[in-house]
Amino acid sequence: QRRQDAIRGWMAKSSVDACLFTSYHNICYLGDFLYCYFGRKYGLVITQKGATSVSAAIDGGQPARRTFGDNVTYTDWSKENYFTAVQGLVKGARRIGIEFDHVNLDFRKQLQDAFPGVDFVDVAAPSMRMRMIKSAEEIKHITKMTRIADLGGAAVVEAIAVGVPEHEVALHATQAMVREIANVWPN
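Please read these numbers as outputs of a predicted model, since none were measured by experiment.

Its 13 residues place the ends of helix α1 (residues 2-14) 18 Å apart at the C-alpha level, agreeing with the 18 Å of an ideal helix rising 1.5 Å per residue. For α1, every residue scored as buried is listed here: Gln4, Ile7, Arg8, Trp10 and Met11. Viewed along the axis of α1, the buried residues span an arc of 160°, placing them on a single side of the element. The outward face of α1, more than 90 degrees from its buried face, is lined by the exposed residues Ala12 and Lys13. Of the residues trailing α1, Ser15 is marked for its positive phi of about 55°.

By the criterion of burial, strand β3 (residues 51-56) is predominantly enclosed, with six of the six residues buried. In β3, alternate side chains face the same way, and those of Ala51, Ser53 and Ser55 on one face and Thr52, Val54 and Ala56 on the other are all buried. The sheet contact formed by strand β2 (residues 43-47) and β3 spans four bridges and is antiparallel. Across the sheet, Gly43 pairs through a bridge with Val54, a residue of β3. Taking the residues between adjacent antiparallel strands as the criterion, β2 and β3 are bridged by three residues. Here five bridges tie β3 to strand β4 (residues 70-74), and the two strands are oriented parallel to one another. Looking at the pairing, Ser55 lines up with Thr73 of β4.

With that out of the way, let us pick up the pattern of salt bridges. Following the criterion strictly, the structure yields eight salt bridges and no others. For Arg8, the salt bridge goes to Asp5, with nearest N and O atoms at 3.4 Å. Residue Arg8 and its partner Asp5 are located together in helix α1, separated by three residues, close to a single helical turn. One salt bridge in this structure joins Asp113 and Lys109, with 2.9 Å as the shortest N-O distance.

To continue, consider the pairing of strand β6 (residues 119-122). In terms of strand pairing, strand β5 (residues 95-98) meets β6 through four bridges, oriented parallel. Note that in β6 the partner of Arg95 across the bridge is Asp119. Handedness of the crossover is the feature at issue here: the chain leaves β5, passes through helix α5 (residues 105-114), returns alongside β6, and the resulting connection is right-handed.

At their nearest, the axes of α1 and helix α6 (residues 124-132) sit 11 Å apart, and the two run at 140° to each other. One element, α1, and the other, α6, form an angle in the oblique class. Crossing handedness for the pair α1 and α6: right-handed. Contacts between α1 and α6 pair Ala6, Ile7 and Trp10 from the former with Pro126, Ser127 and Met130 from the latter. Of the residues in the contact of α1 with α6, the class split is five nonpolar, one polar and no charged.

Using the criterion set out here, one finds eight aromatic pairs in the structure. Relative to Tyr82, the ring of Tyr74 lies with its centre 5.6 Å away and its plane at 75°, an arrangement referred to as edge-to-face. Accessibility classification places Tyr74 together with Tyr82 in one group, the buried group. On the numbers, 6.1 Å between centres and 55° between planes, the contact of Tyr82 with Phe107 is tilted. Here Tyr82, found in helix α4 (residues 81-89), pairs with Phe107, found in helix α5; they are 25 residues apart in sequence, far enough to count as distant. Its relative accessible area of 2% is what places Tyr82 among the buried residues.

Rules and cut-offs
- Residues numbered from 1 in each chain as written.
- Predicted model: local features only at pLDDT ≥ 70, side-chain atom pairs only at ≥ 80, totals over all residues.
- Heavy atoms only, no water.
- Helix = DSSP H or I, 4+ residues; strand = E, 2+ residues; numbered from the N terminus.
- Expected span 1.5 Å × (residues − 1).
- Buried < 20%, exposed > 50% of the residue type's maximum accessible area, 1.4 Å probe, protein only.
- Arc of directions from axis to C-beta.
- Pairing = 2+ DSSP bridges.
- Salt bridge = Lys/Arg side-chain N within 4 Å of Asp/Glu carboxyl O.
- Right-handed = clockwise from strand over helix to strand, strands pointing away.
- Axes fitted to C-alpha atoms, helices over the stretch in contact; angles between N-to-C directions.
- Parallel < 35°, antiparallel > 145°, perpendicular 65-115°, else oblique.
- Left-handed = near helix turned anticlockwise from the far one by under 90°.
- Contact = heavy atoms within 4.5 Å.
- Nonpolar A, V, L, I, M, F, W, Y, C, P; charged D, E, K, R; others polar.
- Phe/Tyr/Trp six-rings, centres within 6.5 Å; stacked < 30°, edge-to-face > 60°.

Structure representation (C-alpha cells):
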C-alpha cells in the first residue's frame, strides 16, 4: 500500500490521471506480480482509486491471486484486447504515466493510436527514485535475505572442489538457503 500511495502522491503533484506500468520491476514492486512475457503485453494500471494488473489469459488466473489490487485478464483473440482492457481502466484520463525507458517505439505508437489526445508522461525516473528509498519493513526483509544469501555463498565455498559437478555445488547451496528460509519463516 505504501508503494502505491507514493505513486499516487506523485500523480497528484504531476497532474497525472493514471499510470500504466509495463516493466517487470515496477509491476512486481508495485503489484506483487511477476509476469512471464510469453510474447504478450502485461501492465499494472494505478489510478487514485485503485490498482489493477492487466494480464494475458495464458497465466490461468495467477495474476488475480497474486496482484496487490485487482486484475483484468484479456484474451489474445484480437490484438486490440490488451488496449481495450487498459482503456476500460483509465476512462477519461487525459494524462497517463508510462515508462519511457520500457516502452519501445512500436508499443508507443500503439498506445498513441489507442489513446488519441492523451498526453503521455514519463513515470520511469520518479518510480525508480521511489523504489530506491526503502521502508523499515523492506530493510528488515532485505537484511534477513542477505544473511541467507551469505549462507548460500558459504555453502558454495564449502562444496566446491576439483571434480565436483556444478549441479552438486548448486544443490548444496540451495539446500542450505531453503533450510534457513524454513527456519526464519516456518509457515
